[in-house]
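# Examination of the molecular architecture
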Amino acid sequence: MNTVNKKYNIVTFGCQMNKADSERMAGILDTMGFEWVAEPEKADLVLYNTCTIRDNAEQKVYSYLGRQAKRKHQKPDLTLVVAGCVAQQEGEQLLRRVPELDLVMGPQHANRLEDLLQQVFDGNQVVATEPVHIFEDITKPRRDSKVTAWVNIIYGCNERCSYCVVPNVRGVEQSRTPEAIKGEMAELARQGYTEITLLGQNIDAYGRDLPGTTPEGRHQHTLTDLLYYVHDIPGIERIRFATSHPRYFTERLIKACYDLPKVCEHFHIPFQSGDNEILKAMKRGYTHEKYRRIIAKIREYMPDAAISADAIVGFPGETEAQFENTLKLVDDIGFDILNTAAYSPRPGTPAALWDNQLSEAVKSDRLQRINHLVSIKAAERSARYQDRIETVLVEDQNPKNLTQVMGRTRGNRLTFFPGDIEELRGKIVPVKITEVRPFSLTGEVVIPVFNNG
Ligand code: SF4
């Protein structure tokens, strides 16, 4: 296939894992000679990297696909690809629904894109959703940021949360070796990256599938050991990780985050519900008491740590009293950020088949009430930054105010302040916070005063 002057566009839906996969697939298309174009309607190859975590996320891709399918009738050499979790979930059915598609590929096949496209260019319609071992990438991802980078450390999830489609669409846990992860981070440092976010659906499961146990009988490779192992890479100034699971969260990890200066004091630990009966029905494997103990332990070591989480309201059978237990936990803990969602029945998940589903009216009422509380608590949490000096890693210009740059504190709070992006990009600067909002801050750079006295 002659890719000269051929343009490509990738539209990404969903989570950080999908964003990281899209960056890798973009890197593959770059090496194949395709050229990135920002507008899908100008592309010769359009790839939708999809999400199926909730029904509305899944439905989004079909409207996009409809437009491109029409376009293909005028432009037969247009290549249409659906990747990600909807592709894995639907597989062949997607070809029946959108016959104009050329390639349907699951998340595990992201780094096989060149090989799969070769089959398409040989005249085939291809579906790649069979479980595979994910080999190390050789291509250089096309990363959105020049300052911060995602690094996958474990793919898939072996948990069986009763509402979650991820294990069905992303497969079993596959950890990368510590050496491969450190190698990728060192290469990123050479390219001038300052911050790395280590990624995993259930990042606390890292290493469970790798060989080796310690004399004490625990897994030799864990997230905690990995943080110590990758901490000494010159040039990498900040390390973050997501997404944690309360079932496997250890004090050993908390202590490592306290000990290791580069590891930022921000923890993303979804709790999903504040009611033990609902947590049991969700098959989450912990109680709200255990969750509270984890947060208390983090705050014992790092009182100012930022805590973010995810919560689901309107789970099948959730009573008003059980919902109020969730509100109580949100009120007691005070999250810096809480991502909330109304329960959405997903294909192939146990909870979707239960007959005690709640009405959309009840679900949206509860979503409204929890979101109201979330912004009150976030404003309370943000208030602690007023007049403080925070170190901010400058990532970009503020698109809404070109006299400002933007970046994040160690606590992952988005912060805006006057500055020149060409001068400050990738720098960690001290910023005095002059204005606080529930989910972001404004400040001014602190100019160091040299006392020549
Ligand atoms: S831990 Fe549970 S909610 Fe998270 S990805 Fe795995 S199955 Fe889904």
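Residues numbered from 1 in each chain as written. Predicted model: local features only at pLDDT ≥ 70, side-chain atom pairs only at ≥ 80, totals over all residues. Heavy atoms only, no water.

On to the sheet that holds strand β10 (residues 195-199). Spatial strand order, β7-β10-β11: three strands in an open sheet with parallel pairing. Each edge of the sheet is formed by a strand with only one pairing partner; in this case those strands are β7 (148-152) and β11 (238-242). Strand-to-strand twist in this sheet, taken as the mean axis angle between neighbours without regard to direction, amounts to 25°. Pairing geometry for β10 and β11, over five bridges, is parallel. From the neighbouring strand, I196 faces β11, where its bridge partner is I239. (Pairing = 2+ DSSP bridges. Helix = DSSP H or I, 4+ residues; strand = E, 2+ residues; numbered from the N terminus. Axes fitted to C-alpha atoms, helices over the stretch in contact; angles between N-to-C directions.)

With that out of the way, let us pick up empty space enclosed by the protein. Remark: the empty space left among the atoms is shown by a probe the size of a water molecule rolled over them. Per the counting criterion, the structure on display carries two cavities of 30 Å³ or more. Roughly 60 Å³ of internal volume is contained in the largest cavity. Lining the largest cavity we find D21, R24, P107, Q108, A110, I134, Y155 and R170. Of the pockets and cavities examined, the second largest cavity occupies roughly 30 Å³. What lines the second largest cavity is H266, A306, D336, I337, G411, N412 and R413. Tallied by class, residues from the lining of the second largest cavity come to two nonpolar, three polar and two charged. Mapping the lining of the second largest cavity onto the domain boundaries places at least three of its residues in each of domain 3 (276-286 + 298-381) and domain 4 (386-445). (1 Å grid on protein atoms, 1.4 Å probe; cavity = no way out; pocket = protein on both sides within 12 Å on 5 of 7 lines; lining within 4 Å. Points joined across faces, edges and corners; volume = space filled by probe spheres on them. Nonpolar A, V, L, I, M, F, W, Y, C, P; charged D, E, K, R; others polar. Domains from an automatic or database assignment.)

With that out of the way, let us pick up the pairing of strand β13 (residues 306-313). Most of β13 sits inside the fold, with eight of its eight residues counted as buried. Residue alternation in β13 divides its side chains into two sets, A306, S308, D310 and I312 and I307, A309, A311 and V313, and both sets are buried. Relative to β13, strand β12 (residues 266-268) runs parallel, the two being bridged by three bridges. The residue bridging H268 from the neighbouring strand is S308, located in β13. (Buried < 20%, exposed > 50% of the residue type's maximum accessible area, 1.4 Å probe, protein only.)

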